[in-house]
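# Summary of structural features
So the chains spell out like this:
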Amino acid sequence: MMREVMSSYGTSSALYPGVSTESLALLPRVFKTTVLGESFMSQSSSFFSRIKSWVGIAAAVAMAFMGAGAPEVHAQAKPAGTVKVGVLHSLSGTMAISETVLKDVALMAFEEINAKGGVMGMKIEPVVVDPASNWPLFAEKARQLITQDKVAVVFGCWTSVSRKSVLPVFEELNSLLFYPVQYEGEEISRNVFYTGAAPNQQAIPAVEYLMSKEGGAAKRWVLLGTDYVYPRTTNKILRAFLKSKGVADKDIDEKYTPFGHSDYQTIVADVKKFSAGGKTAVISTINGDSNVPFYKELGNQGLKATDVPVVAFSVGEEELRGVDTKPLVGHLAAWNYFMSIKAPANDEFTKKWAAYAKAKNIAGHKDKPLTNDPMEATYIGIYMWKQAVEKAKTFDVAKVSAAMAGQTFTAPSGIVSKMDEKNHHLHKAVFIGEVKADGQFNVVWKTKGPVKAQPWSPFIAGNDKKKDEPALMAEKAPEKKK
């Protein structure tokens, strides 16, 4: 390509006043360094329109090298300026109740990092998009972030259907996604780092707790969720787990509602009727704003935790904001973080969030700042990515991914979280909390320390043959498309 450029524009020193013939002789080597790193691979028309100016610049650089004794040319210049980072969360639609605050905490983390010098000396420039709880739109927005905005990494998604929508885009274009929410497992990608919980870090421990004497010794189970991949796959795992513990099919009732569902009167009545057959617990994988009418209906029908405890996997402090929690006292949630956790790291995190929310006039949080598990997972992911970039000394996807292995970060929960050396999942502590009258959670059970994620559940047939690491991880990753 260099020869094509030179044949088109010429190498005569007359074309570049002040540039010697000797300097022009260095052009191919300097051109490769100064131009290929920009957008040479795209071979776009706009690129070729700048070729002549690039040759002139390269020639000038070559002349400077001649004057300095022509030292060896290095492939990477010292980073300067900004690096673009994508934020892919629903700011409207049914999932906005949960996802908007993840955008906000990401911006807080970027601001903190920039105040301390950025990443490798480069300030983070966030690019925020709104996929509007529209799953195909997630894929479109992901492609836009990677190909048009040229982001180095994306932090985003909540639902598994949104993650499944964008996954082929990240793998095709070889970009990185940090996914901050608990999910059903059954997936590993070298282009995704999962900072939320796998089933063995949330769902399985929660059910084990409810089966124990301490948790109420439940014998019957209602698996209630929103109708999409996360609840259905999680409940498939839980059904197999319950059967392994001797629970019969007649003692398991599985129900699903669509996104945005608001009438839970019949469902809650059915739960009460089912519970007449023995000590019953509800496992809720309801997502989004449907949680508000569900919990309100529990209160309306007087379904107390002492009668039928509900443990939720997608309800935290933020989702309970608009609910009268007094009738819900004692119901449960299983997470890897609660705002109420007593730890110096959490005190610092919550204070920073309160100050940031007030300064930025964030709706709801400026007056009543709340933090939750996916916020913590987002925060951990951003700082681990920063550490990995600085360890790798590059934004190159393959090198950053390799540098992520074994990264540690003292999480707001007070636990030192570690990114597994192979499976792209965090080692996470598990907490079970009871709802308090003020909408916070009282931790009633926790693991002794961080738990390694099992992306492939042992309760799904055939998973014992699957590797606990991204497919083809040892092979060279494809070049990132420009």
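Let us look at the structure shown here. (Residues numbered from 1 in each chain as written. Predicted model: local features only at pLDDT ≥ 70, side-chain atom pairs only at ≥ 80, totals over all residues. Heavy atoms only, no water.)

Our next topic: the packing of aromatic side chains. Under the definition given, this model contains 21 aromatic pairs. Note on Tyr 379 and Tyr 383: the rings are 5.0 Å apart at their centroids and 50 degrees apart in plane angle, and the pair reads as tilted. Separated by four residues within a single helix, Tyr 379 and Tyr 383 lie in helix α14 (residues 373-392), roughly one turn from each other. The buried category is assigned to Tyr 379, whose relative accessible area is 4%. Judged by centre distance (6.2 Å) and plane angle (65 degrees), the rings of Tyr 379 and Phe 409 are edge-to-face. Taken together, the residues Tyr 379 in helix α14 and Phe 409 in strand β11 (residues 408-410) connect sequence positions 30 residues apart. Judged by its relative accessible area of 15%, Phe 409 is buried. Following the ring pairs from residue to residue traces out a cluster consisting of Phe 110, Phe 155, Phe 178, Phe 193, Trp 385 and Phe 395. Seen from the ring of Tyr 179, Arg 163 lies directly overhead, with NZ or CZ sitting 4.8 Å from the centre. When the ring centre of Phe 274 is taken as reference, the NZ or CZ atom of Arg 220 above it lies at 3.8 Å. (Phe/Tyr/Trp six-rings, centres within 6.5 Å; stacked < 30°, edge-to-face > 60°. Helix = DSSP H or I, 4+ residues; strand = E, 2+ residues; numbered from the N terminus. Buried < 20%, exposed > 50% of the residue type's maximum accessible area, 1.4 Å probe, protein only. Lys NZ or Arg CZ within 6 Å of the ring centre and 35° of its normal.)

One open sheet holds the three strands; their spatial order is β11-β12-β13, and the pairing between them is antiparallel. Looking at strand neighbours, the two that pair on one side only are β11 and β13 (426-427), the edges of this open sheet. Both strand β12 (residues 416-419) and β13 contribute to a ladder of two bridges, which runs antiparallel. Looking at the pairing, Met 419 lines up with Leu 426 of β13. Sheet strands touched by α14: β11, β12 and β13. Its angle to β11, the strand with the most contacts, is close to 135 degrees. (Pairing = 2+ DSSP bridges. Contact = heavy atoms within 4.5 Å. Axes fitted to C-alpha atoms, helices over the stretch in contact; angles between N-to-C directions.)

Quick look at unusual backbone geometry now. Even without being a glycine, Glu 186 presents a positive backbone phi close to 60 degrees. Looking at the element boundaries, Glu 186 is found in the loop between β4 (177-179) and β5 (192-194). A positive phi angle, close to 55 degrees, is found at Ala 217, a residue other than glycine. Summarising the element assignment, Ala 217 is placed in the loop between α9 (203-211) and β6 (220-226).

Right, let's talk about the environment of Gln 407 for a bit. Looking at the element boundaries, Gln 407 is found in the loop between α15 (397-404) and β11. Owing to a relative accessible area of 11%, Gln 407 belongs among the buried residues under this scheme. Note: C-alpha distance between Gln 407 and Ser 417 (ten residues apart in sequence) is 8.3 Å. Those residues in contact with Gln 407 that sit more than four places away from it in its chain are Met 384, Gln 387, Ala 388, Lys 391, Ser 417, Lys 418 and Met 419.

Glancing now at the sheet that holds strand β7 (residues 252-257). An order of β7-β6-β8-β9-β10-β14-β15 is seen for the seven strands of this open sheet, with the pairing classed as mixed. If you trace the sheet from one side to the other, it starts and ends with β7 and β15 (441-446), each paired once. Ignoring which end each strand starts from, the neighbouring axes of this sheet average 25 degrees apart.

The next thing to look at is helix α12 (residues 291-300). Given 3.6 residues per helical turn, the α-helix brings residues three or four places apart onto the same face. For α12, the buried fraction is high: seven of the ten residues fall into the buried class. Turning to α12, its buried residues are Asn 291, Val 292, Pro 293, Phe 294, Tyr 295, Glu 297 and Leu 298. Buried positions along α12 lie against α6 (96-115), β6, α11 (265-274), β8 (280-285) and β9 (310-312). Just beyond α12, the residue with positive phi is Gly 302, at close to 65 degrees.

The next thing to look at is the pattern of salt bridges. Tallied over the entire structure, the rule returns 22 salt bridges. Glu 187 serves as the salt-bridge partner of Lys 164, at 2.9 Å between the closest nitrogen and oxygen. Taken together, the residues Lys 164 in helix α8 (residues 160-173) and Glu 187 in the loop between β4 and β5 connect sequence positions 23 residues apart. Look at Lys 164 and you get partly exposed, because its relative accessible area is 34%. Among the salt bridges present, the one from Lys 465 reaches Asp 464, with a minimum N-O distance of 3.9 Å. When sorted by exposure, Lys 465 lands in the same class as Asp 464, which is exposed. Each of Arg 163, Lys 164, Glu 184 and Glu 187 takes part in one network of salt bridges that share partners. (Salt bridge = Lys/Arg side-chain N within 4 Å of Asp/Glu carboxyl O.)

Further remarks concern the packing of α6 against helix α13 (residues 344-359). Direction vectors running N to C along α6 and α13 enclose 100 degrees, while the axes themselves pass 11 Å from each other. What the angle tells us is that α6 and α13 run roughly perpendicular. Contacts between α6 and α13 involve Val 101, Asp 104, Val 105, Leu 107, Met 108, Glu 111 and Glu 112 from the former and Phe 349, Lys 352, Trp 353 and Tyr 356 from the latter. Class assignment of the residues belonging to the contact of α6 with α13 gives a composition of seven nonpolar, no polar and four charged. (Parallel < 35°, antiparallel > 145°, perpendicular 65-115°, else oblique. Nonpolar A, V, L, I, M, F, W, Y, C, P; charged D, E, K, R; others polar.)

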